[in-house]
Amino acid sequence: MTSHVSAGTEPDPCYPDNRHATSTAIGKSTLGMAWATSRDVGSHLYRNRAGIRPGSRLVEETVAVSPSAKGGMSAKGGAKVSAISVPVPNRWEVFGSLFYHTQDSDGDRYVNRKKKKDEKDKDKDKKYELYEVGLGGVPGFATGTEESSLDVFGGTVGTEFRINRNWTVGVGFTAAQGDLDMGSVGSADIDSIAISPYLSYYRADTIGSADLWAGLMYSYGMHSYETRRYTGAGIATGEPDADTHTLEFNVGLNFGERDVLHGPYAGFRYVAGTVDAYTETGPGGTSFNEQDVDSLVSILGYQVSWKMRGGSGYWVPQLRAAWEHEFEDGNTTSFGIPYASSDEDIGVVGAGIGYWWDSGWRLGVEYEGRFGSETESHYGGVTAGKEF
């Protein structure tokens, strides 16, 4: 993640410079909004991991029968015909979801200090990395990044089409609203929309008795900010826009019997985005240059799913765990101060349960927790769909 602040307007020298902390929080939240608005659109990854294939519906067809068949109907020409119900695979599905995502990020404190400090103060600050830099602030003021939190509420609607028994295409449209708390630095409101087309593949008995599945998704997101930064002289406001491009690929194998499936999965997720340059208004306002944000993550996990027959359908619980590795370290600087780096490794745990009715309806709930050394996030969602 790279960020730049214009030096055209210097902060009040009586207060610490928190411009770089503002940029860092906005950059992290942009990546968080991109993830939340594109996560498992339409639950197609959940279904692939669980080996759930499209259902079927009964369609009446008229067929010729023997002249002596009971219940036959006479047609012109004397032929006997009858209407029978024939199962036809469902080709379409409409789906929707509601979700909540929360993300907490630790801060990094960098202190502009005088060289002569007593040992007691050194011990107090030994957990922080210290820099002797000048930012227009005064010695002794903390000038690093603050702890921040992001809360996101949103929903998705979309449709899916089964091309054949192996291939499926779909698209989801997501709208979300985020609340970014930057601690003593300020806060921001975020409005986001995203469009996410995807392609899925599933083939039974590909490697011996193991089924192979894969999913490829692209998502384009647009994010509008309303920022409020505490400058010491008052509150400066800004309205930057951001856009993100997300590309995610996942592939896995399903082993086991028909009612109990388990197997490994792997993938990658790449996010690239830009936060536009903007100029604040209000006391202590300044200009921020364009900021680039990016993330490249590898995914390696294992899941287990099983089916349990219900009264008019079946339950499908699922448990999974994964390890994600970040290849973009984010260690860039502005005015000599490093930006907080992203977590290099994240542990992911997930759980969900869904019910698939024989009529084609489905309903499910999902949870995902993500745990790193610098960040922690939780996602919960309710999904629904109807095949026809």
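Here the structure is a predicted model, which means the values were calculated and not measured. (Residues numbered from 1 in each chain as written. Predicted model: local features only at pLDDT ≥ 70, side-chain atom pairs only at ≥ 80, totals over all residues. Heavy atoms only, no water.)

What follows covers unusual backbone geometry. Phi is positive for serine 43, close to 55°, though the residue is something other than glycine. Along the polypeptide, serine 43 turns up in the loop between helix 1 (19-36) and helix 2 (44-50). Its identity as a non-glycine residue notwithstanding, aspartate 205 has a phi of 50°, on the positive side. In this fold, aspartate 205 is placed in strand 7 (residues 186-207). A relative accessible area of 53% means that aspartate 205 is categorised as exposed. (Helix = DSSP H or I, 4+ residues; strand = E, 2+ residues; numbered from the N terminus. Buried < 20%, exposed > 50% of the residue type's maximum accessible area, 1.4 Å probe, protein only.)

Turning our attention to the nonpolar core. The nonpolar side chains of soluble globular proteins are, as a tendency, buried together. Among the nonpolar cores identified, the biggest contains 21 residues, and Met33, Phe99, Leu150, Val152, Leu180, Ile190 and Tyr225 are the most heavily contacted of them. Contributing elements (two or more residues each) for this core: helix 1, strand 5 (148-162), strand 6 (167-181) and strand 7. A per-element tally of this core places helix 1 first, with six residues. What valine 152 contacts, discounting residues up to four positions off in sequence, is Met33, Ala36, Phe99, Tyr100, His101, Ala176, Gln177 and Gly178. (Core = buried A, V, L, I, M, F, W, Y, C linked by side-chain atoms within 4.5 Å. Contact = heavy atoms within 4.5 Å.)

Next up on the list: the pattern of salt bridges. Using the criterion set out here, one finds 16 salt bridges in the structure. Taken together, the salt bridges that share partners define one network made up of Arg39, Arg269, Arg320, Glu324, Glu366, Glu368 and Arg370. (Salt bridge = Lys/Arg side-chain N within 4 Å of Asp/Glu carboxyl O.)

Function cannot be inferred from these measures alone, as they are strictly geometric.
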